[in-house]
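Each chain, letter by letter, is given below.
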Amino acid sequence: MGKTSDLTDVKKAIIDTLKQEGKTQKEISQQIGCSQSAVSRHLNGKSVGRKQCGRKRCTTRRGDRTLRKIVEKDRFQTLGNLRKQWTESGVETSRATVHRRVQEMGYRCRIPQILVQKFARKTQSIFSSKMTESTTHVIMKTGRCNVKDRYRYRSKVAQCEDEHLVCERTLKYFLGIAGRKWVLSYEWIVQSFREGRILDEYDFEVKGDVINGRNHRGPRRSRLGSDGLLLTDYEICCLGSFKDMTSDDLEWMVSLCGASVVHDPSQFEHKSGTTSLVVVQQENESYYAAMKKKYRCLVIAREWVLDSVSSYKLQAFDSYLV
């Protein structure tokens, strides 16, 4: 029977898991083959076999108990929110200290993707880190941009404030809108866990983004599809390389919006009622001027596609022509 300092990282992880499953310290010690006191010391954050080193502990037991009450009141909070409430109670400390204390209590800080995976398991859904044809919901980080604490959840209210329904523009955001999927705030997952049921997606649908505006309702417009597919009357060639996404990604995006995709401008059919577009990263403008005449098409910057898809509304060509 070893001391706490003799426990391997694997055994410590097993202890934590069994404790979360509701096992007693005696049952845990028998299962992993160590003393009950070693299990107790590990769970209580104590250690033996070596002298404590490092600087003096910066929080008191009373302060730690206050933090525990804050955590147990609502476990689905960010470190920033926990720190704010702890500070209001009279304990001034850093985010890193809050993180350590929460872990010492036996809680595990979950990153958004892990919580989404847990939600998928509980609802018997399939989790994927990439957009696929079978995707039904796209989960986005929402809230104030360029701020570490992106989520400030309201307790006992299963609905988001407007500022929490604005997200940054990413590839999965564009593909979700183009594919007419539910594009939802991550808070939908959090609030559903809090309520113990799957909440209505409508209250958590992303309303806007940091480029096109906070309330353009592009995701809702594409999902309802009352005006049909966005780019039905266009044939598009994505030419060259693009920043933050591949040509294949961009071609898939416009095809989801109903456009006819060609791989070379010479393949344009110029059917009646269609507009031929070459989408580029906006470089080498002299070359594109000759292309316009040769292939009888418009050459536009990629941003026209992104802005149109984001708001699911065709943008005027004027400011995007190359």
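For clarity, every value in this text was computed on a predicted model and none was experimentally measured.

Peer 1: Outline the packing of aromatic side chains, listing residues and values.
Peer 2: Taken as a whole and assessed by the stated rule, the structure comprises six aromatic pairs. Aromatic pair Trp304 and Phe317: ring centres 5.1 Å apart, planes at 35°, arrangement tilted. Here Trp304 is found in helix α13 (residues 302-311), whereas its partner Phe317 is found in the segment after α13, with 13 residues between them in sequence. Grouped by ring-pair contacts, the aromatic residues Phe119, Trp188 and Phe193 constitute a single cluster. Residue placement shows Arg223 over the ring face of Trp182; its charged tip is 3.7 Å from the ring centre.

Peer 1: Let's hear about the environment of Arg223: which residues, and what values?
Peer 2: Considering the arrangement of structural elements, one finds Arg223 in helix α10 (residues 218-224). Using a relative accessible area of 21% as the deciding quantity, one classes Arg223 as partly exposed. Expressed as a C-alpha distance, the spacing of Arg223 and Ile177, which sit 46 residues apart in the sequence, is 7.3 Å. Those residues within four positions of Arg223 in sequence are excluded, and the remaining contacts are Arg180, Lys181, Trp182, Tyr202 and Glu205.

Peer 1: Any chance you could break down the sheet that holds strand β8 (residues 298-301) for me, citing the residues and the numbers?
Peer 2: Strands sit in the order β6-β5-β7-β8 across an open sheet of four strands; the sheet is parallel. In this open sheet, the two strands that pair with only one neighbour each are β6 (260-262) and β8. The sheet shows a mean angle of 30° between the axes of neighbouring strands, taken without regard to direction. Relative to strand β7 (residues 275-280), strand β5 (residues 234-238) runs parallel, the two being bridged by five bridges. Residue Ile236 lies in a different strand from β7, and its bridge partner there is Leu277. Lying over the sheet, α13 contacts β5, β7 and β8, oriented at roughly 70° with respect to β8.

Peer 1: Which residues make up the pattern of salt bridges, and what values do they have?
Peer 2: In the structure shown here, the tally under the stated rule is nine salt bridges. One salt bridge in this structure joins Asp307 and Arg169, with 2.8 Å as the shortest N-O distance. With Asp307 in helix α13 and Arg169 in the loop between β2 (166-167) and α8 (171-178), this residue pair connects regions lying 138 residues apart in the sequence. Ionic pairing is found between Glu269 and Lys271, a salt bridge with its closest N-O pair at 3.3 Å. Comparing Glu269 with Lys271 shows no difference in burial state: the two are exposed. Connected via shared salt-bridge partners are Arg57, Asp64, Arg101 and Glu104.

So, how was this worked out
- Residues numbered from 1 in each chain as written.
- Predicted model: local features only at pLDDT ≥ 70, side-chain atom pairs only at ≥ 80, totals over all residues.
- Heavy atoms only, no water.
- Phe/Tyr/Trp six-rings, centres within 6.5 Å; stacked < 30°, edge-to-face > 60°.
- Helix = DSSP H or I, 4+ residues; strand = E, 2+ residues; numbered from the N terminus.
- Lys NZ or Arg CZ within 6 Å of the ring centre and 35° of its normal.
- Buried < 20%, exposed > 50% of the residue type's maximum accessible area, 1.4 Å probe, protein only.
- Contact = heavy atoms within 4.5 Å.
- Pairing = 2+ DSSP bridges.
- Axes fitted to C-alpha atoms, helices over the stretch in contact; angles between N-to-C directions.
- Salt bridge = Lys/Arg side-chain N within 4 Å of Asp/Glu carboxyl O.

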